[in-house]
Amino acid sequence: MFKLSFLLIIVSLITSSLLLHTQQANADPLKNSIRQVIGNYNMEMRTDPKIPVVGHATSISLRISSVNGDDLVDLPIVIKISNGGKELERTHPILVPYGHYIYKYTFSEAGIYALDIDINDTNYSGQNLVFTFPINVSTSFAAYLQSSILPLVSGIVIISAVATGIGVVIFLNRRKNKGRKTIKSTKA
């Protein structure tokens, strides 16, 4: 019985750690980001949610660093968002504090948008550098399927695997105990 209790505790710890692993934390560098390098600049971009949904606010996280990994402080950038070559949004120059910036935007249609980040490279080349990232925006229904059904299926698979493992352990313990009883009854 002790072995079964110990096994249940281990399985529940593993299951909970797998479920907690899906949470994301903002860290240096950005996790699950798209990365580009131009000249001495390293640009990372990620969206939250990972697949933006039409009509819902999207957080666009940016990290700008030098190639050797140092965050760049107070670097002026301009953010542009376009769809099908038509510019939808353009910011005034923004000073990025400590190499990180979060920009909020609500997409109005599904499709693939272009996110351009312009950097005025006055420190090195004196040129304008443009980083372009694609952002795939989906309708509410498609995003719902990806965000709610996929974790549900993963949870069902994990729970099924755990239940199967526990069932096998119980079956083997009963079989082992039944074998012991048979040996004891034949000796008596």
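What comes next is a walk through the structure.

**Structural notes on the overall build of the protein chain**
Helices and strands together make up the secondary structure of the protein chain, namely two helices and nine strands. Taken from the N to the C terminus, the helices and strands of the protein chain come in the order α-β-β-β-β-β-β-β-β-β-α. Looking at the protein chain as a whole, 28% of its 188 residues qualify as buried. Counted over contacts in the protein chain with a minimum sequence separation of 6, partners at least 24 positions apart contribute 56%. Counting only carbon and sulfur atoms, one obtains 62% of the accessible surface of the protein chain, whose full area is about 12,500 Å².

**What about the pattern of salt bridges?**
Tallied over the full model, the rule gives four salt bridges. The residue Glu-44 makes a salt bridge to Arg-35 at a minimum N-O spacing of 3.6 Å. Judged by relative accessible area, Glu-44 falls into the buried class, the value being 1%. Arg-90 is the partner of Glu-87 in a salt bridge, and the nearest nitrogen-oxygen pair spans 3.0 Å. For Glu-87, a relative accessible area of 40% puts it in the partly exposed group. Linked by salt bridges that have partners in common, Arg-35, Glu-44 and Arg-63 make up one network.

**Focus on the side chain of Ser-66**
Following the sequence through the fold, Ser-66 ends up in strand 3 (residues 57–66). Exposure remark for Ser-66: the relative accessible area of 6% places this residue in the buried category. Polar contacts involving the side chain of Ser-66 include one to the side chain of Asn-68, which spans 2.2 Å. Those residues in contact with Ser-66, other than ones at most four positions away along the chain, are Asn-40, Asn-42 and Leu-72.

About the thresholds
Residues numbered from 1 in each chain as written. Predicted model: local features only at pLDDT ≥ 70, side-chain atom pairs only at ≥ 80, totals over all residues. Heavy atoms only, no water. Helix = DSSP H or I, 4+ residues; strand = E, 2+ residues; numbered from the N terminus. Buried < 20%, exposed > 50% of the residue type's maximum accessible area, 1.4 Å probe, protein only. Contact = heavy atoms within 4.5 Å. Areas by Shrake-Rupley, 256 points an atom, 1.4 Å probe, with all protein chains shown as cover. Salt bridge = Lys/Arg side-chain N within 4 Å of Asp/Glu carboxyl O. Polar contact = N/O pair within 3.5 Å; in protein donor to acceptor, adjacent residues only side chain to side chain.

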